[in-house]
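For reference, the chains in residue letters:
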Amino acid sequence: MTLETKIPKGPKNREEIFMKLRRALSVSAATAALLPMAVAAAPASSQAAPAAKIPTCYDLDTAYGQYHDNTFVGRSFGIPKSITLGTHWTTYTATLTNASAKELKSFELSAKLGSYVYNEGERDLSPYGDLQYWDTSQHAWKTLRQAGGNARGTIPGPKTLKPRESVHVQLRFRVSKDLPLDQAYDAFTGLTGTFVDRYRNMDCTAHGDAVGAFSPRKG
């Protein structure tokens, strides 16, 4: 039996029933369309933003000019003013000390080797260098190399750093003879400590460095 045969034959009654059916179907369709949006939006409001999307405290400082990071005291020992290109390793120690009164959370260590690029056409020294850290648990040197070829990366370390607590990392580096010396290099290597701070009711990342500068030269 069809819907048409169930409806009374009176024109007025038939029009009223059709109107009620249309309104019911419209409400059901609107509700169905809204439900997926509500379900998809709910997790975003209840979950914290990924670490990669947290702004730096220095970006917020640019906007307001009030964030000052005096958290770390960084020192490096053993980086000479110049190094000879080649296979010889230069070993040094980098130290970061929490000089603040707060415990640093989400603490991460990384190290880098490279040079500052100021003008278009200048090259970064990093792909021509090697950087390693001493793994105290495995008693072995471990190489730091990003997928793009730069000599830098993350180092295993503590996840928190208490006030007046320090971390010490032994590193070594070298720069290949293939490095073109057709430009001046403002080169550096060192250790970086990063943590999540709270500023203007927002989570943001801050960092401190223990870096030394050097100049590469032919042997």
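Going by the structure above, here's the rest.
Position numbers for residues start from 1 in each chain and track the written sequence from start to end. In keeping with the predicted nature of the model, local features appear solely for residues at pLDDT of at least 70, side-chain atom pairs appear and are counted solely at 80 or more, and the whole-chain, interface and lining totals rest on all residues. Only hydrogens and water are set aside; all other atoms, that is, all heavy atoms of the structure, feed into the side-chain values.

Colleague: Mind showing me how you'd approach the overall build of the chain here?
Modeller: By the criteria applied, helices consist of DSSP H or I runs no shorter than four residues and strands consist of E runs no shorter than two, each listed in order from the N terminus. Broken down by element type, the chain carries 3 helices and 10 strands. Secondary structure of the chain in N-to-C order comes out as α-α-α-β-β-β-β-β-β-β-β-β-β. Here the analysis covers contacts within the chain between residues at least 6 apart in sequence; of these, 71% occur between residues at least 24 apart. We get accessible surface area from the Shrake-Rupley algorithm with a probe of 1.4 Å; when it comes to residues, only the shown protein chains can shield them. A total of about 13900 Å² of accessible surface is found on the chain, and carbon and sulfur atoms cover 54% of it. Throughout, a residue-residue contact means that at least one pair of heavy atoms, one from each residue, lies within 4.5 Å.

Colleague: Would you mind going over the packing of aromatic side chains with me for this structure?
Modeller: The description of an aromatic ring pair uses the distance of the two centres, along with the angle that the planes make with each other. Paired rings are identified among Phe, Tyr and Trp, the last through its six-membered ring, by centres lying within 6.5 Å, and are further divided according to the angle between planes into stacked (under 30 degrees), edge-to-face (over 60) and tilted (the rest). Throughout the structure, instances matching the rule amount to 9 aromatic pairs. For the pair Tyr 116 and Tyr 118, a centre-to-centre distance of 6.3 Å together with 35° between the ring planes defines the contact as tilted. Whether a residue is buried, partly exposed or exposed follows from its accessible area with a 1.4 Å probe, protein chains only, as a fraction of its type maximum: under 20%, in between, or over 50%, in that order. For Tyr 116, a relative accessible area of 43% puts it in the partly exposed group. Look at Phe 173 and Phe 214: their rings are 5.0 Å apart centre to centre, the planes differ by 40°, and that puts the pair in the tilted class. In this pair, Phe 173 sits in strand β8 (residues 166-175) while Phe 214 sits in strand β10 (residues 202-217), placing the two residues 41 residues apart along the sequence. For Phe 214, a relative accessible area of 2% gives the class buried. A connected cluster of aromatic rings, assembled from ring pairs, spans Tyr 58, Tyr 67 and Tyr 199. We note Arg 172 situated over the ring of Trp 89; from NZ or CZ to the ring centre the distance is 4.3 Å. Two conditions define a charge located above a ring, namely a distance within 6 Å from the ring centre to NZ of Lys or CZ of Arg, and an angle within 35 degrees of the ring normal.

Colleague: How should the environment of His 168 be read in this particular structure?
Modeller: Tracing the backbone through its elements, the reader meets His 168 in strand β8. Of the residues examined, His 168 reaches a relative accessible area of 57% and is grouped as exposed. Spatially, the C-alpha atoms of His 168 and Gly 157 are 9.7 Å apart, while their sequence positions differ by 11 residues. In contact with His 168, other than residues within four places in its own chain, are Ala 94 and Thr 95. Within the structure, the side chain of His 168 is placed 2.9 Å from the side chain of Thr 95, a separation counted as a polar contact. Counting of polar contacts relies on pairs of N or O atoms within 3.5 Å, with two restrictions inside protein: one atom must be capable of donating a hydrogen and the other of accepting it, and residues adjacent in sequence are counted only when both atoms are side-chain atoms.

Colleague: Help me out: how do you make sense of the pattern of salt bridges in this one?
Modeller: Should their charged atoms come close, side chains of opposite charge can pair. Any carboxyl oxygen of Asp or Glu that lies within 4 Å of a side-chain nitrogen of Lys or Arg is treated as forming a salt bridge with it. The tally for this structure, following the rule as stated, stands at 7 salt bridges. The partner of Asp 197 in a salt bridge is Lys 102, with the nearest N and O atoms 3.0 Å apart. Remark: Lys 102 occurs in the loop between β3 (90-98) and β4 (105-116) and Asp 197 occurs in strand β9 (residues 186-199); sequence separation between them is 95 residues. On the accessibility criterion, Lys 102 (33% relative accessible area) is partly exposed. Asp 130 is paired through a salt bridge with Arg 145; the nearest N and O atoms lie 2.7 Å apart. Here Asp 130, found in strand β5 (residues 129-135), pairs with Arg 145, found in the loop between β6 (140-143) and β7 (152-155); they are 15 residues apart in sequence, far enough to count as distant. For Asp 130, a relative accessible area of 23% puts it in the partly exposed group. Assessed through its relative accessible area of 35%, Arg 145 is described here as partly exposed. Here the salt bridges do not stand alone but share partners, grouping Asp 130, Arg 145 and Arg 174 into one network.

Colleague: How do you make sense of the side chain of Thr 71 when you look at a structure like this?
Modeller: Here Thr 71 is to be found in the loop between α3 (57-64) and β1 (72-77). Apart from the residues within four sequence positions on either side, Thr 71 is in contact with Thr 97, Asn 98, Ala 99, Ser 100, Lys 102, Leu 104 and Phe 195.

Colleague: It is not clear to me how the state of the cysteines should be interpreted in this structure. Could you clarify?
Modeller: The term disulfide refers to a covalent linkage connecting the sulfur atoms of a pair of cysteines. Here, a disulfide means two cysteine sulfur atoms that sit within 2.5 Å of each other. Summed over the entire model, instances satisfying the criterion amount to 1 disulfide. One disulfide in the model links Cys 57 with Cys 204; its S-S distance is 2.0 Å. One quick way to see it: the torsion about the S-S bond of Cys 57 and Cys 204 is about 90°, and its sign makes the bridge right-handed. Pair noted here: Cys 57 is in helix α3 and Cys 204 is in strand β10, with a separation of 147 residues, a long-range link. The same class applies to Cys 57 and to Cys 204, which are both buried.

Colleague: What's the story with the pairing of β10 in this structure? I'm lost.
Modeller: Put simply, side chains in a regular strand alternate between the two faces of the sheet. DSSP bridges decide pairing: two strands pair if at least two such bridges lie between them. Across 3 bridges, strand β2 (residues 82-84) lies against β10 in parallel orientation. In the strand pairing of β10, Ile 83 is matched with Pro 216. Linking two consecutive strands that pair antiparallel, namely β9 and β10, is a turn of 2 residues; a positive phi of about 50° is found at Arg 200 within it.

Read these as layout, nothing more, since geometry by itself doesn't imply function.
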